[in-house]
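# Chains, contacts and geometry: an overview
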Amino acid sequence: MADLSLYITAFVTLFIVVDPIGLAPLFIALTQGMSPRQRRAVGLRACAVAAILLTLFGLLGEQLLGGIGISMPAFRIAGGLLLFLTALDMLFERRTQRREGQSAESAADQADDPSIFPLATPLIAGPGAMATMILLVGSPGAGWGHVAAIHGVMLSVLACVMALFLIAGPIERALGRTGVLVVTRLLGMLLAALAVQFVLDGMRGAGMIGMLPTGR
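Reading the values: rules and limits
Residues numbered from 1 in each chain as written. Predicted model: local features only at pLDDT ≥ 70, side-chain atom pairs only at ≥ 80, totals over all residues. Heavy atoms only, no water. Axes fitted to C-alpha atoms, helices over the stretch in contact; angles between N-to-C directions. Helix = DSSP H or I, 4+ residues; strand = E, 2+ residues; numbered from the N terminus. Parallel < 35°, antiparallel > 145°, perpendicular 65-115°, else oblique. Left-handed = near helix turned anticlockwise from the far one by under 90°. Nonpolar A, V, L, I, M, F, W, Y, C, P; charged D, E, K, R; others polar. Phe/Tyr/Trp six-rings, centres within 6.5 Å; stacked < 30°, edge-to-face > 60°. Buried < 20%, exposed > 50% of the residue type's maximum accessible area, 1.4 Å probe, protein only. Contact = heavy atoms within 4.5 Å. Patch = residues over 30% accessible without salt bridge, like charges linked within 9 Å, V, L, I, M, F, W, Y side chains within 5 Å. Areas by Shrake-Rupley, 256 points an atom, 1.4 Å probe, with all protein chains shown as cover. Salt bridge = Lys/Arg side-chain N within 4 Å of Asp/Glu carboxyl O. Polar contact = N/O pair within 3.5 Å; in protein donor to acceptor, adjacent residues only side chain to side chain. Expected span 1.5 Å × (residues − 1). Core = buried A, V, L, I, M, F, W, Y, C linked by side-chain atoms within 4.5 Å.

Relative to each other, helix H4 (residues 72-91) and helix H10 (residues 168-205) sit at 165°, their axes nearing to 7 Å. By the angle between their axes, H4 is roughly antiparallel relative to H10. As for the relative orientation of H4 and H10, their crossing is left-handed in sense. Here the residues of the contact of H4 with H10 sort into 18 nonpolar, seven polar and three charged.

This part is about the packing of aromatic side chains. In this structure the tally under the stated criterion is two aromatic pairs. Here Phe27 and Phe165 contribute two aromatic rings whose centre-to-centre distance is 4.1 Å and whose plane-to-plane angle is 10°, an arrangement assigned as stacked. One end of the pair, Phe27, is in helix H2 (residues 20-30); the other, Phe165, is in helix H9 (residues 144-166), with 138 residues separating them in the sequence. One exposure class covers both Phe27 and Phe165, and it is buried.

Interhelical geometry of H2 versus H10 gives an angle of 95° and a closest axis separation of 8 Å. Here H10 runs roughly perpendicular to H2, going by the angle between their axes. Two secondary-structure elements touch here, H2 through Pro25, Leu26, Phe27, Ile28 and Ala29 and H10 through Ala168, Ile171, Glu172, Thr184, Leu187 and Leu191. Considered class by class, the residues forming the contact of H2 with H10 number nine nonpolar, one polar and one charged.

What follows is about the environment of Pro122. Mapped onto the fold, Pro122 is located in helix H7 (residues 115-124). Residues Pro122 and Val18, spaced 104 residues apart in sequence, show a C-alpha to C-alpha distance of 9.9 Å. Pro122 has contacts with Gly79, Leu83, Phe117, Pro127 and Phe198, leaving out every residue within four places of it along the chain.

There is a patch of nonpolar side chains on the surface, built from Ile52, Leu56, Leu59, Leu60, Leu64 and Trp144 and spanning about 630 Å² of accessible area. With five residues, helix H3 (residues 36-67) is the single largest residue contributor to the nonpolar patch. By the secondary structure assignment, Trp144 is in helix H9. Judged by relative accessible area, which is 69%, Trp144 ranks as exposed.

All right, on to the side chain of His151 then. Relative to the elements of secondary structure, His151 occurs in helix H9. Since its relative accessible area comes to 9%, His151 is described here as buried. From its side chain, His151 meets the backbone oxygen of Val147 in a polar contact 2.8 Å long. In this structure His151 touches Leu54, Thr55, Gly58, Leu59, Met133 and Val137, once residues within four positions along its chain are discounted.

Look at H4: 28 Å from first C-alpha to last across 20 residues, which is about the 28 Å you get at 1.5 Å a residue. For H4, the full list of buried residues reads Met72, Pro73, Arg76, Gly79, Gly80, Leu83, Thr86, Ala87, Asp89 and Met90.

Once that is clear, we can look at the pattern of salt bridges. Under the counting rule described, the total for this entry stands at two salt bridges. The salt bridge partner of Arg45 is Asp113, with a shortest N-O separation of 2.9 Å. Of this pair, Arg45 sits in helix H3 while Asp113 sits in the loop between helix H6 (105-111) and H7, and the two are 68 residues apart along the sequence. Among the ionic pairs, Asp201 bridges to Arg204, the shortest N-O distance being 3.1 Å. Taken together, the residues Asp201 and Arg204, both in helix H10 and three residues apart, mark about one turn of the helix.

A few words now on the nonpolar core. The biggest cluster of nonpolar side chains holds 49 residues, and the ones touching the most others in it are Leu23, Leu119, Leu123, Ile124 and Phe165. Every element with two or more residues in this core is listed here: helix H1 (2-18), H2, H3, H4, H7, helix H8 (127-137), H9 and H10. Sorting elements by how many residues they give to this core places H9 first, with nine residues. In contact with Leu119, other than residues within four places in its own chain, are Phe27, Leu30, Val42, Ala46, Pro114, Ile124 and Phe165.

Everything listed here is a matter of coordinates, which is why it stays silent on function.
Take a look at the structure:
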């Protein structure tokens, strides 16, 4: 029973960090104009890549970053900056304009596929989720059974993400084109704020916040 409560807590923790409910409207905005088949492919690809990344960080996270000299704060700052560029595209409709100028479906697949970035990382498998996997797997005295159970919990959270991605089409139809444009711009603003928060968290983790001069 104690083990069960531990894994329920792990599920809740990862669910909150990954935030599948919050990802659904972002998925709608990032795949606006795609066919249902394209959306399913993007969602599956994003979840598969996120699963691979989170598995790698669960098994080898600290060694991987430490081996190439990258700290988690630096990882947060880099992810935040990349995410901010995506937020600018959403705010100024650059992604929509690019899609409307592409006549062939294959061209759209190659030119503007959000499955790897920003969906798989940093939105699904972001610095917070990666750090959470490292912490959950690295419990004192944990064996391989615990490691496998934590990865099972992670896959169940990603299954929730995919389930919400699959109902993105009906949500978009309910909103209509005008509603989607309004939501896209609103979420672009929220995504920009999230990106800035990533950068601030990284700077705080690196001890840089206290060194910054305060304005008057």
